[in-house]
Amino acid sequence: MKRLGKAITMSLAALGCAIAPSHAADPVKVGFVMSYSGWFQPIDASSINGALLAIKEINAKGGLLGSQIEVVKFDNKSEPPLGADGAVEVIGKGAKAILFPSDFDFGAPGAFIAQQSNVVSLSGASDPKFGVTGIGPYAYSISNAAQSQGALLAEWAYKEKGWRSSYVLLDNTISFTKSLCGSFSKRWKELAGDAALAGEDTFLNGDPSVSAQVTRITSLSAKPDFVVLCSYAPGGPSAIRQLRAAGIDQPILTGESMDGDYWAGTVPNLSNFFVANYGSTYGDDPDASVNDFFKRYEAEYGQKSDTSYSIRGYSLFQAWAKAVDKAGSFDADKVSAALDSFTKEPLAIGPTTYTPQLHIQTTRPMTILQSQGGKFSAVGKFAPETVHLD
Amino acid sequence: MIDPAQILIDAVSVGGLYALTALGIGLIFSVMRLANFAHAELVTVAAYMLFAFSGSPVAVAILVAIAAAVLLALATERIAFRPLRGADSATLLISSFAVSMFLQKLLVFLVGSRPKALDPLPALSRTVSIGSLQVSALKLVTIVVCLTLLAALTAFLKWTRFGLQMRASAENFTMSRLLGVRANAVIAIAFGLSGLLAAVVAVLFAAQSGFVQPRFGVQIVIIAFVATVIGGLGNLFGAAVGGFFVGVVTILLQAFLPAELRPFREAFLFVIVIAILLFRPQGLFPARNLKERV
């Protein structure tokens, strides 16, 4: 926390120094209405750092339309409703675009205000509702929709691995995990047939034990080829620990909610674990520009990015800056029109497409990482072919 | 087909943890009518101690965890609850919420909200074959530890001087004070014991879940509260039975509910709880002193 604060202060100081008084244009402000404290803080921290790095690089190259970018911070204290207060505050200070937390429930309260005030909202939320349908035409997510990740896991398991029987273990606590497992099952049944789903079960992230769920799997007459676990830390890693302790060594597949290795100590010698995320932080991503980004991140903050979420924060401002340049204006209508014209726009996170109807990614490739013997490494980049958003 | 023996082992190991937690809560309630929500933080702090001492030998880490939980329990009693002794039970309840929230936020402030991984009993993360059954070694140890502690606690309450004093205080606090039982000592021992039980739960629970975070203890204590109420607030035997009961019912519901109803497992559990309380408002084993006298 202290280090984060210091990093932010330092980058703000750097921003301040970069603005020479002789520059003609006034600085342009962007808002960060994020969780700087509370339980959501570790999830937002790397997005914030990524976004700050993008802004620093843009400013170093002379800024946007001649203006240096200045960040106005607001701490939502991990309380979603405070996001609305934050949006009002940073818009009052002149923010032209606002970064919101990477979750629909956390980001939406502020994004609604931004939409009403003609300000662009940027987020890493993986819910298609963070866009035209749920918020309005000024809300953009940089992520692959949960439905895209579920389809990706199904196609990868079926086509790349040749697996034919799956088991779905759903953490029924948040909407991301429900969409992830729901879309996996749908795509998996299309590919492999209804019978290829050996079973489904649910638990809650806070459940003290998943014994009964584990026993249901160990009691199957034929072991599934792999298990899809839709969950997040700490309940998800704890479930893996309990599965492994019961002798279930099958491959486990999951999406971005279990990105990062900060929890890996929960399962000693974590093996046969596969996760889809936005890029390998281990220097072995198939995309060289991803490796380059994480190297710059480490140089800037003196530590590795603990999840791939930082590249989302970075790419959001990269996208916004490109759109502003293209539009020649900070006006939300013009910037939004420029964003909507993105077709496989090369961003750090990968080729990104927006349309006037859809402000989230469906078929952009994701990196699949594996952990074997407690060591993480990239398997490759894969894109889903067929994604059902509902 | 799920083996019934497997379900039984699941149910008893989960129920045992609930029972130990419910006992820790029940001990305090029986001597001072305090529903101590801060019991969750005793569990949490003990688990953080296991994390902090994860480089040391297992025995050292466990002893430090126990010492920390006992000291914290005594400190909360001395600082937060003793000045309120004799206050309305609602006041006590609110103050225990305050202590609980304070400690939780303090932990977020000190160590952050991100879960920390720990593996306090690495030797137990494997399976043991019993006949055709594959059973996790940790589950077996959990069952043995829970049953041993229950027996030890029963022996303490039945056959020691302090045990007798505690039972007397539980039955009629004023009368036992008049007869020479020292209130401060009895209550301090009750808090110390609840700290010890919390630490044991922390070790077993952390070994099962493999992480600790600031709300670690809340997960289990919330359910243990339900167990205490079902068993009969103020009755220690009832608390233990209530703990096992909730554990067994949860596992059975998860194992036998049809897939489409499983997400609503908690709803079924609480319908059963409500049904029990409708027929036995004081719980299955009402504390004698809490019965209304005619």
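Calculation criteria
Residues numbered from 1 in each chain as written. Chains lettered and ligands numbered in written order. Predicted model: local features only at pLDDT ≥ 70, side-chain atom pairs only at ≥ 80, totals over all residues. Heavy atoms only, no water. Salt bridge = Lys/Arg side-chain N within 4 Å of Asp/Glu carboxyl O. Helix = DSSP H or I, 4+ residues; strand = E, 2+ residues; numbered from the N terminus. Buried < 20%, exposed > 50% of the residue type's maximum accessible area, 1.4 Å probe, protein only. 1 Å grid on protein atoms, 1.4 Å probe; cavity = no way out; pocket = protein on both sides within 12 Å on 5 of 7 lines; lining within 4 Å. Points joined across faces, edges and corners; volume = space filled by probe spheres on them. Nonpolar A, V, L, I, M, F, W, Y, C, P; charged D, E, K, R; others polar. Disulfide = S-S within 2.5 Å. Contact = heavy atoms within 4.5 Å. Buried area = accessible area lost by both parts, 1.4 Å probe. Pairing = 2+ DSSP bridges. Axes fitted to C-alpha atoms, helices over the stretch in contact; angles between N-to-C directions. Phe/Tyr/Trp six-rings, centres within 6.5 Å; stacked < 30°, edge-to-face > 60°. Lys NZ or Arg CZ within 6 Å of the ring centre and 35° of its normal.

### As for the pattern of salt bridges
- Under the counting rule described, the total for this entry stands at 20 salt bridges over all chains.
- A salt bridge links glutamate 256 of chain A to arginine 312 of chain A; the nearest nitrogen and oxygen atoms lie 3.0 Å apart. Here arginine 312 of chain A lies in helix α10 (residues 310-327) and glutamate 256 of chain A lies in the loop between β9 (252-254) and β10 (273-277), a separation of 56 residues in the sequence.
- The salt bridge involving arginine 82 of chain B is made with glutamate 77 of chain B; its shortest N-O contact spans 3.2 Å.
- On the accessibility criterion, arginine 82 of chain B (25% relative accessible area) is partly exposed.
- A single network of salt bridges, built from pairs that share partners, joins Glu57, Asp292 and Arg296 of chain A.

### Quick notes on the layout of surface pockets
Residues and elements named next belong to chain B.
- Here the second largest pocket is characterised by a volume of approximately 630 Å³.
- If you trace the second largest pocket, you find 21 residues lining it, with Leu157, Arg167, Asn235, Leu236 and Phe237 closest to the centre.
- Secondary structure elements with two or more residues in the lining of the second largest pocket: α1 (4-32), α5 (137-159), α6 (161-171) and α10 (236-256).
- Take the lining of the second largest pocket: its biggest share by element is five residues, from α5.
- Residue composition of the lining of the second largest pocket, by class: twelve nonpolar, five polar and four charged.

### Some points on the state of the cysteines
All names here are of chain A.
- Overall, the coordinates contain one disulfide over all chains when judged by the stated rule.
- Here cysteine 181 engages in a disulfide with cysteine 230; their sulfurs sit 2.1 Å apart. Across the disulfide from cysteine 181 to cysteine 230, rotation about the S-S bond amounts to roughly 100°, and the bridge is consequently right-handed. With cysteine 181 in helix α6 (residues 175-192) and cysteine 230 in strand β8 (residues 226-230), this pair connects stretches of sequence that are 49 residues apart. Each member of the pair, cysteine 181 as well as cysteine 230, carries the same accessibility label: buried.

### Points about the interface of chain B and chain A
- Listed per partner, the contact involves 36 residues of chain B and 34 residues of chain A.
- Area buried by chain B at its contact with chain A is led by Arg114, Gln208 and Gln254 of chain B, which between them contribute 22% of it.
- Across the contact surface, chain B and chain A share four salt bridges.
- Residue arginine 241 of chain A pairs with aspartate 119 of chain B through a salt bridge whose shortest N-O separation is 2.6 Å.
- Broken down by secondary-structure element, the contributors of at least two residues to the side of chain B that touches chain A are α1, α8 (183-209), α9 (216-231), α10 and α11 (265-279) of chain B.
- Per-element tally for the side of chain B that touches chain A: the top contributor is α8 of chain B, with five residues.
- Looking at the side of chain B that touches chain A residue by residue, the classes come out as 17 nonpolar, ten polar and nine charged.

### Here we look at the sheet that holds β8 of chain A
All names here are of chain A.
- Overall, mixed pairing links the seven strands, which are arranged β7-β6-β8-β9-β10-β13-β14 in an open sheet. This sheet does not close on itself; its edge strands, each paired only once, are β7 (197-203) and β14 (375-382). Direction aside, the axes of adjacent strands within the sheet are offset by 20° on average.
- Bridge analysis of strand β13 (residues 366-372) against β14 gives seven bridges, and the strand direction is antiparallel. Paired with methionine 366 across the strands is phenylalanine 382, a residue of β14.

### Description of the packing of aromatic side chains
Residues and elements named next belong to chain A.
- On inspection of all chains with the given rule, the structure shows 30 aromatic pairs over all chains.
- On the basis of an interplanar angle of 10° and a centroid distance of 5.8 Å, the ring pair of tyrosine 282 and phenylalanine 376 is categorised as stacked. Note that tyrosine 282 is positioned in the loop between β10 and α9 (288-301) and phenylalanine 376 in strand β14, a separation of 94 residues in sequence.
- Overall, the relative accessible area of 27% leaves tyrosine 282 in the partly exposed class.
- Put simply, the rings of Trp156, Tyr158, Trp163, Phe184, Trp188, Phe226, Phe274 and Phe382 pair up and form one aromatic cluster.
- Sitting above the plane of the tyrosine 282 ring, lysine 304 keeps its charged end 4.0 Å from the centroid.

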